[in-house]
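What the coordinates show
Letter by letter, the chains look like this.
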Amino acid sequence: MLFELRSYQKEVVERALKGENVIIWLPTGGGKTRAAVYVARRHLETTANAKVMVLVNKVHLVDQHYTKEFEPYLGSGYKLMKVSGDSQEKDFFGIVVQDNDVIICTAQILYNALINKEEAKHVELSDITLLIIDECHHTHKESVYNKIMRCYVEKKLKGQRRIPQILGLTASPGTGGAKVLEEAVNHVLEICANLDSVIVSTKNYTPELEEKVPRPQKTFDIVEKRTADPFGDHIKWMMQQIHGFMSLPPDVRLRECGTQEYEADVVILEQRGVSQDNRLLAQCALHLRQYNDALLINDTLRMMDAYRSLEEFYDTKVITAIDGTDYFLVGLFQENQVELKNFAADPRYENPKMAKLESTLLGQFGPDVQSRGILFSRTRRSTRCLLDWVQKNRTLQKAGIKAAILTGAGNGITYMTQNEQADTIRNFRNGILNLLISTSVAEEGLDIPECNLVVRYGLLTNEIAQQQASGRARARDSQYSVVAQKGGREIRREHINEYLEELTGKAIARVQSMSEHEFRRKINEIQTQAIIMNKVLQDRKTEKKNRHAASSIRILCRNCFAEVASGSDFKLLENAHYVNVNPDFKNRYKLGVKVVLERRFEDWEPGCTVSCNNGNCNKDWGFEMKYRKVAILPNLAIKNFALETPDGRITVKKWKDVPFMVEEFTFEQYCSDFFPDLFD
């Protein structure tokens, strides 16, 4: 299929068509991907043994780019293949790359192939002639994009000639947290250095771009503060009771209840409780976080949503109480439960933001009005609560609102499957649905049709997220609404983001105005420094990993502090799963429900969830997996445990942060250790 680019698209691809490394900066809806398809086609036509690879940072974008963009325009003349963690092709990715002209995959697939030495899976950067990186502003720090580009930059600095041309795509590189122009310029230069690319935008065809991607009308729908909030006040009183019961350490100063700062404080407090073997402190901090969550929900959603969040939490805690701390905390909730529920059910104290949100939606939706909108909210829970509210609100139903949730894909009851995501977007595109209630997943990359209303509700995010959300309101005369409390933090954040968006533009203009010599000098400087810094960090990580012998680490349940394993019991399976191979470990846990995953895996299948069987503890630990139909291996999340090290007790969020080496799992070793009869 042939296609023509608009004038502004032709302008931004000009240097890429000459073989230069380029970042294309165009707003959401400006046709970046279409421009990339054009560059890919010209590259395939003009380059001997051309090999194009398109990298995306989310699984659902693999299919979207393949189906909507690359296959229709390149499929008739070239061999295309899409590969993600769901596809079996990832297991022989090296062969897939050899056999196809265009490969569309998640960045992780390519990175795994670069470091995997197995012939069928291995890929070299020199195998690729054009590397297209979608949402390339993520190429920084330890992102997988940056790990790939680090391999590239190392080869470039060593003078290796056979490296691919780079084409990055972004709606906003952002300022990297910078608030002043000089620092924002440095951030843009850093992104350019990481991608070894110049950054281009339209200069001569801005009116055409503005015509194609009109800016929405921005409104601040402001709500007066609640006159009375007995529900919130009562929760704060209960939190004070817990503060008194736990005798806060003298050096601890908790910030204001009902804020994200308070949440950060109690997260640290829980870690401190675990590391000091102080279960009272750790458990009180966990419960305080739950009450703080309820205050945040009460501030954004209905009082009953906040009440139910507590009710759900305490339903499980009643049956898992193991000592006096638990009995006090559960008892406190039970004693106040009726009063809280009565406050939550009293319409006089309902959250005024809900009424404002209703009027904002009614401003664009009506029985005879063809509207389409996205309502952005902070958490998966808040999207579920908002859907429930929309479906039970008669006025909104009479206005013809047909809503559904769109959240990130993943495993677990609160996540959507990729099929559910695809169905929801299809129904939205076809008009079966006209309102998506979404977390940030819909801000970036997803091919969602033009909307005439975008509402940001209870959100504090950065300027990149704001621009991408705003870019969803692309229909003529569309509205971008921020529903927030008078003088609230959301409004302040929104104004800061407007300033940062402007600052990004100025920083890019400054970079674009540099002489070629100055730009290259700065880029080389940043790249050399980054490689040195990375080497230092890798050495530090290795040093940290070797700090203790695995056998010297005792693994404790994070809830009851019972010792359950040794560090040496764990092995790393397929570079992804941390499993306990000690057969005696099965005496430490009980099995729960069967885990159901949407996708199938080559060598393993999930079993049941596992939890601590020390008395009433029941702390979730992970799930069993059946490997090669023989080995039953508990696959465990380290965040559910504490580590007793020779230097003291610690907690870590991820396995990569443990202070000991985890050896690789080998199936042959496992079989010879635990099924010796087979090897006699």
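Residues numbered from 1 in each chain as written. Predicted model: local features only at pLDDT ≥ 70, side-chain atom pairs only at ≥ 80, totals over all residues. Heavy atoms only, no water.

Here the focus is the UniProt feature "domain: RLR CTR" (unreviewed entry) in the protein. Here the UniProt feature "domain: RLR CTR" (unreviewed entry) sits at residues 543–672. Between the end C-alpha atoms of residues 543–672 there is a gap of 31 Å, over a span that is 7% helix and 42% strand. (UniProt positions renumbered as here; feature names shortened; annotations may be inferred. Helix = DSSP H or I, 4+ residues; strand = E, 2+ residues; numbered from the N terminus.)

For the pair helix α11 (residues 279–300) and helix α12 (residues 303–318), the least separation of the axes is 7 Å and the interaxial angle reads 160°. In terms of orientation, α11 and α12 fall into the roughly antiparallel class. In terms of crossing hand, the pair formed by α11 and α12 is right-handed. Facing α11, whose interface residues are His287, Gln290, Tyr291, Ala294, Ile297 and Asn298, α12 presents Met303, Asp305, Ala306, Ser309, Leu310, Phe313, Tyr314 and Lys317. Grouping the constituent residues of the contact of α11 with α12 by class yields 8 nonpolar, 4 polar and 2 charged. (Axes fitted to C-alpha atoms, helices over the stretch in contact; angles between N-to-C directions. Parallel < 35°, antiparallel > 145°, perpendicular 65-115°, else oblique. Left-handed = near helix turned anticlockwise from the far one by under 90°. Contact = heavy atoms within 4.5 Å. Nonpolar A, V, L, I, M, F, W, Y, C, P; charged D, E, K, R; others polar.)

The next subject is the sheet that holds strand β2 (residues 52–56). Here 7 strands make up an open sheet; going across it, the order is β3-β4-β2-β5-β6-β1-β7 and the pairing parallel. Edge positions in the sheet fall to β3 (80–83) and β7 (198–200), since each has one partner strand and no second. Neighbour-to-neighbour, the strand axes of this sheet turn through a mean angle of 20°, independent of strand direction. Bridge count between strand β1 (residues 22–25) and strand β6 (residues 165–170): 4 bridges; the pairing is parallel. Residue pairing across strands places Val22 opposite Leu167, the latter belonging to β6. (Pairing = 2+ DSSP bridges.)

Let us now look at the environment of Val274. Position of Val274 among the secondary structure elements: in helix α10 (residues 260–275). As a C-alpha pair, Val274 and Trp655 span 381 residues in sequence and 18 Å in three-dimensional space. Residues in contact with Val274, not counting those within four places in the same chain, are Ala282, Arg558, Phe561, Ala642, Arg649 and Thr651.

Topologically, Gln527 is positioned in helix α20 (residues 516–545). Owing to a relative accessible area of 2%, Gln527 belongs among the buried residues under this scheme. Side-chain polar atoms of Gln527 contact the backbone oxygen of Ala193, separated by 2.9 Å. Residues within four places of Gln527 in sequence aside, it is in contact with Val153, Lys156, Leu157, Ala193 and Asp196. (Buried < 20%, exposed > 50% of the residue type's maximum accessible area, 1.4 Å probe, protein only. Polar contact = N/O pair within 3.5 Å; in protein donor to acceptor, adjacent residues only side chain to side chain.)

Attention now goes to unusual backbone geometry. In this model, Asn49 sits at a positive phi of 50°, which is unusual for a non-glycine residue. Relative to the helices and strands, Asn49 resides in the loop between α2 (32–46) and β2. Classification of Asn49 by relative accessible area gives exposed; the value is 72%. Although it is not a glycine, Ser247 adopts a positive phi angle of roughly 45°. The class for Ser247 is exposed, based on a relative accessible area of 53%.

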